[in-house]
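Structure at a glance
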Amino acid sequence: MTLGCPKNRVDSEVMLGTLKQRGYSLVQDPAAAQVIVVNTCAFIGPAKQESVDSILEMAEYKKSGECSTLVVTGCLSQRYGAELSKEMPEVDHFLGTSAYAQIGDLLAAEASPRQVIPDPDYIHDAQTPRENSMPSYTAYLKISEGCDNACAFCIIPTLRGGQRSRPIADIIAEAQRLSEQGVQELNLVAQDLTAYGHDLPGKPKLHDLLRELVKVDVKWIRLHYAYPRVFTDELIELMATEKKIARYLDMPLQHASDKLLLSMKRGRDSKFLKELLTKLRARVPGLVMRTSMIVGLPGETEEDFEMLKEFVKEQRFERLGVFQYSDEEGTAAYDYENKVPKQTIERRWREVMAIQKRINREQNKKLVGQRIEVLVEGPSEESEHLLVGRHEGQAPEIDGLVYINDGLAYPGEFVTVEVTEAHDYDLIAKVVERPNPKDRVHKPRESFPMPVVTSQR
């Protein structure tokens, strides 16, 4: 069971690959599993609670199922391993964020330590066993691990360590292998995508990596977690001219008040952010922008909040996620004064989300009657009579979907559809053009039924 962000999913896929090499096979029913692994998140309070609840839920299978070994990995183990070891005797092993690749050795040893929580300094490479848990036409590609930023609200550098970028050649080797497996969409992830390479010899930049990555035989390359602090003109130009780079950018901005941006230690002011957004919109036609904001940081006044709302109205982001500030020990903001009451935080969250909901609806309505290319994912979970897919501006797991109620298509196909209806987050469409049978993507293997809860919605 994987909780948290897509980066955590990649870690789970490494564990799947490692255990598969050891002869383990994945079962769909946890009651039939001899080993259960819960890969946890500890980014904010609700994520920690969800992780604890999931561990306790899976621990029940040691009584009612076949489970003999329960392993807890990820950020919660890294942060609270010693405490959890005392409070959860039903858990057999706790692995930190740099120990997940050791799970095969751990389970094979006759006498294994209960806790394996080294300092976070590991990142997998192209030779590390990995089993893609997504449908075979899409995959996440982690290009670096850890983070060198010191955002006041964030515990991630403590849990994941400093930035560790993978060499370009190593990333390309993994991308090529994924392409050979049928992947058509590569979703690049990191704690800070645009900081890529500053820790490597020669200090390559993200645009240097992308120039090599576009040579791999895939359709879309999608950029996630691209921090705005360093965003080069070369990167913008590549996004504007290279067809394989999706016209989609996930860039966490967090706020619009200079006072709050300074307090958050984001390194840039609102003037810089607005100028960067203007440049991106002007130079990358059709760009779909996803961002995230935080409401309720200690010291956020009503005036600061009004600035944030006006910023959201002005920028009209195509995708927006809003986090309610969570007071996390070990972060700089934990020691800030002027805490914002929880009820006020919730009210501010609702107000921003209501603004964005109207923006989403208006933008989706403009697509009615237009023809767009869609990657078909398969039958809808809601009805066997509907297909679902995503267009270039919709990332897997976190964005809306295109529901197809007229026409035939197969999972993994890119088809042209005409949008017939628009809703707040999703679209309804009909197929108007399909690829020739000889160009059809092979029918993908069934994806692993690995439960995933993302914290990036």
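The structure under discussion appears in the preceding block.
Below: a short report on this structure. As the structure is a prediction and not an experimental result, all values here were calculated from the model. (Residues numbered from 1 in each chain as written. Predicted model: local features only at pLDDT ≥ 70, side-chain atom pairs only at ≥ 80, totals over all residues. Heavy atoms only, no water.)

Here we look at the environment of S112
- Of note, S112 is situated in the loop between α5 (103–108) and β5 (115–116).
- A residue is classified by how much of its surface remains accessible, and S112, at 22% relative accessible area, is partly exposed.
- The spacing of S112 and E145 is 33 residues in sequence and 27 Å in space, taken between C-alpha atoms.
- If we ignore the near neighbours within four places in the chain, the residues touching S112 are H93 and L106.
- Separated by 2.5 Å, the side chain of S112 and the backbone oxygen of L106 make a polar contact. (Helix = DSSP H or I, 4+ residues; strand = E, 2+ residues; numbered from the N terminus. Buried < 20%, exposed > 50% of the residue type's maximum accessible area, 1.4 Å probe, protein only. Contact = heavy atoms within 4.5 Å. Polar contact = N/O pair within 3.5 Å; in protein donor to acceptor, adjacent residues only side chain to side chain.)

Focus on the sheet that holds strand β14 (residues 371–379)
- Here we have five strands rolled up into a closed barrel, ordered β14-β15-β16-β18-β17, and mixed in their pairing. Across the sheet, the axes of successive neighbouring strands diverge by a mean angle of 55°, strand direction being ignored.
- In the sheet, β14 pairs with strand β15 (residues 387–391) via five bridges, with the strands oriented antiparallel. Counterpart to L375 in the pairing with β15 is R390. (Pairing = 2+ DSSP bridges. Axes fitted to C-alpha atoms, helices over the stretch in contact; angles between N-to-C directions.)

Let's talk about the side chain of R130
- With respect to the element layout, R130 can be found in the loop between β5 and β6 (138–142).
- A polar atom in the side chain of R130 sits 2.6 Å from the side chain of E13.
- In this structure the side chain of R130 is engaged in a polar contact, spanning 2.5 Å, whose partner is the backbone oxygen of Y140.
- With sequence-adjacent residues up to four places away left out, R130 is seen in contact with V10, E13, V14, G17, Y140, E174 and L178.

Some points on the sheet that holds strand β11 (residues 245–250)
- On the basis of which strands lie adjacent, the open sheet formed by six strands has the order β6-β9-β10-β11-β12-β13 and parallel pairing. Looking at strand neighbours, the two that pair on one side only are β6 and β13 (319–324), the edges of this open sheet. Across the sheet, the mean angle from the axis of one strand to that of its neighbour is 20°, orientation sign disregarded.
- Both β11 and strand β12 (residues 288–295) contribute to a ladder of three bridges, which runs parallel. Bridged to L249 within β12 is M289.
- On top of the sheet, helix α1 (residues 6–21) reaches β6 and β9 (185–189); it is set at about 95° to β6, its chief contact.

As for unusual backbone geometry
- The backbone phi angle of R316 is positive, close to 50°, even though this residue is not glycine.
- Tracing the backbone shows R316 in the loop between α12 (302–315) and β13.
- Even without a glycine there, the phi angle at E397 is positive, about 75°.
- When you line up the elements, E397 lands in the loop between β15 and β16 (402–406).

Topic: the nonpolar core
- L188, L210, L213, F231 and L249 are the most contacted members of the largest nonpolar core, which totals 57 residues.
- Looking at this core, the element that brings in the most residues is helix α13 (residues 342–365), giving five residues.
- With near-sequence residues (within four places) excluded, L249 lies in contact with L223, A226, F231, M239, L280, L287, V288, M289 and R290. (Core = buried A, V, L, I, M, F, W, Y, C linked by side-chain atoms within 4.5 Å.)

Some thoughts on the packing of α12 against α13
- At a minimum axis separation of 10 Å, α12 and α13 run at an interaxial angle of 15°. Put simply, α12 runs roughly parallel to α13. The element α12 and its partner α13 pack so that their crossing is right-handed. The residues of α13 that touch α12, namely those facing E302, F305, L308, K309, V312 and K313, are T344, R347, R348, E351, V352, I355, Q356 and I359. (Parallel < 35°, antiparallel > 145°, perpendicular 65-115°, else oblique. Left-handed = near helix turned anticlockwise from the far one by under 90°.)

Examining the packing of aromatic side chains
- One pass over the structure, following the stated rule, counts four aromatic pairs.
- Taken together, a centroid distance of 5.1 Å and an interplanar angle of 85° make the contact between W220 and F414 edge-to-face. Of the two residues, W220 sits in strand β10 (residues 220–223) while F414 sits in strand β17 (residues 414–422), which places them 194 residues apart along the sequence.
- Overall, the relative accessible area of 3% leaves W220 in the buried class.
- According to the relative accessible area criterion, F414 is buried, its value standing at 13%.
- Against the face of Y225 rests K7, its NZ or CZ located 3.4 Å from the ring centre. (Phe/Tyr/Trp six-rings, centres within 6.5 Å; stacked < 30°, edge-to-face > 60°. Lys NZ or Arg CZ within 6 Å of the ring centre and 35° of its normal.)

Some words on the pairing of β15
- Counting buried positions along β15 yields five of five residues, so the element is predominantly enclosed.
- In β15, alternate side chains face the same way, and those of L387, G389 and H391 on one face and V388 and R390 on the other are all buried.
- As paired strands, β15 and β16 are joined by three bridges and run antiparallel to one another. The residue of β16 that forms the bridge with G389 is V402.

Some words on helix α9 (residues 233–241)
- Where α9 is concerned, the buried positions are L235, I236, L238 and M239. End-on, the buried residues of α9 take up no more than an arc of 160°, which puts them together on one face.
- Considering only its buried residues, α9 is in contact with α8 (206–213), β10, β11 and α11 (270–283). (Arc of directions from axis to C-beta.)

Quick word on the environment of N132
- Summarising the element assignment, N132 is placed in the loop between β5 and β6.
- Considering only alpha carbons, one finds N132 and L178, 46 residues apart in sequence, at a separation of 8.4 Å.
- A polar contact of 3.1 Å, which involves the side chain of N132, links it to the backbone nitrogen of M134.
- Side-chain polar atoms of N132 contact the backbone oxygen of T138, separated by 3.1 Å.

Spatial relationships are all this shows, so hold off on functional conclusions.
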